[in-house]
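# Structural overview
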Amino acid sequence: MSEQTVKIAPSILSADFGRLSDEIASVISAGAEWIHFDVMDGHFVPNISVGLPVLESVAKAFKGKTTLDAHLMIDNPERYAQNFVLAGADIVTVHTECGGAAEAVRIIRDNGAVAGVVLKPATPAEAVLPYLDVIGVILVMTVEPGFGGQKFQSEQLPKIRKLRELIDAQGLDIELEIDGGINAETAGLAIGAGATVLVAGNAVYKSADYTEAIKKLRSQR
Ligand code: DX5
Ligand code: ZN
């Protein structure tokens, strides 16, 4: 896989929310292709982050200048899926572990966004099988969802490789996105296993130089 094909998606969860607009503008000019927007409800995960009004403001400021990638760590995603698309997400990903995931995927597509499915660490690769014809993204969690700054679980690498093989064998147009604990050491493992998009919270937003940090992640092998 050539270097240009690996996209970097900084997670705003690690940004300074008091300067969110500047923080997003900075990573876009530092070369980030996607902006990863982590939504947590305090039920599906034991943490609460940001939701629709923040996404709407961000989309108003940045629509067309980046790709807004909303990762819904919420129960009943089917209830809110349409609102996340209307708020301006280009991509909305929902957890396969949620009862309403299939319905949410249908709603996301019907409203004109790209749908994706997310796998928690304990969820097997096979959980994506019912969705292959209707999704544009598979997001593999390499930490338990809920918090930034955790350690990359390298036990997830075989699952990433398996998904890569599945996508290639069927010639599918699906991005393989990896989320959690990505840094200069682990980016190469994820890329080597077949990732095409790397989410990076702390590795970008806690670095002194966003451009350098993004370049470093992208070039790991
Ligand atoms: C965790 C979130 C991640 C997180 C990544 O639930 O889905 O996107 O912000 O942060 P780092 O890259 O610091 O592990
Ligand atoms: Zn995420």
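Criteria and cut-off values
Residues numbered from 1 in each chain as written. Chains lettered and ligands numbered in written order. Predicted model: local features only at pLDDT ≥ 70, side-chain atom pairs only at ≥ 80, totals over all residues. Heavy atoms only, no water. Salt bridge = Lys/Arg side-chain N within 4 Å of Asp/Glu carboxyl O. Helix = DSSP H or I, 4+ residues; strand = E, 2+ residues; numbered from the N terminus. Buried < 20%, exposed > 50% of the residue type's maximum accessible area, 1.4 Å probe, protein only. Arc of directions from axis to C-beta. Polar contact = N/O pair within 3.5 Å; in protein donor to acceptor, adjacent residues only side chain to side chain. Pairing = 2+ DSSP bridges. Axes fitted to C-alpha atoms, helices over the stretch in contact; angles between N-to-C directions.

It is worth spelling out the pattern of salt bridges at this point. All told, the structure shown has 10 salt bridges when counted by the stated rule. Two residues, Arg106 and Asp110, come together in a salt bridge whose shortest N-O distance is 2.7 Å. In this pair, Arg106 and Asp110 are both assigned in helix H4 (residues 101-110), 4 residues apart and thus about one turn of the helix distant. Overall, Asp110 belongs to the exposed group, its relative accessible area being 56%. The salt bridge involving Lys162 is made with Glu126; its shortest N-O contact spans 2.9 Å. Residue Lys162 is located in helix H5 (residues 157-169), and its partner Glu126 is located in the loop between strand S5 (114-119) and strand S6 (137-141); the two are separated by 36 residues in the primary sequence. Accessibility expressed as a relative area gives 44% for Lys162, which makes it partly exposed. For Glu126, a relative accessible area of 39% gives the class partly exposed. What you see here is one network of salt bridges that share partners, running through Asp16, Arg19 and Glu23.

It is worth spelling out helix H8 (residues 210-218) at this point. For H8, the complete set of buried residues consists of Tyr210, Ala213, Ile214, Leu217 and Arg218. The buried residues of H8 occupy one face: seen down the axis, they fall within an arc of 125°. One side-chain oxygen at the N-terminal end of H8 lies 3.1 Å from the backbone nitrogen of Thr211; it belongs to Asp209.

Let us look at the sheet that holds strand S2 (residues 34-40). One open sheet holds the 8 strands; their spatial order is S1-S8-S7-S6-S5-S4-S3-S2, and the pairing between them is parallel. With one partner strand each, in any of the chains shown, strand S1 (7-10) and S2 form the two edges of the open sheet. Within this sheet the neighbouring strands show an average axis-to-axis angle of 25°, counted without direction. In terms of strand pairing, strand S4 (residues 91-95) meets S5 through 5 bridges, oriented parallel. When the sheet's bridge partners are listed, Thr93 is paired in S5 with Gly116.

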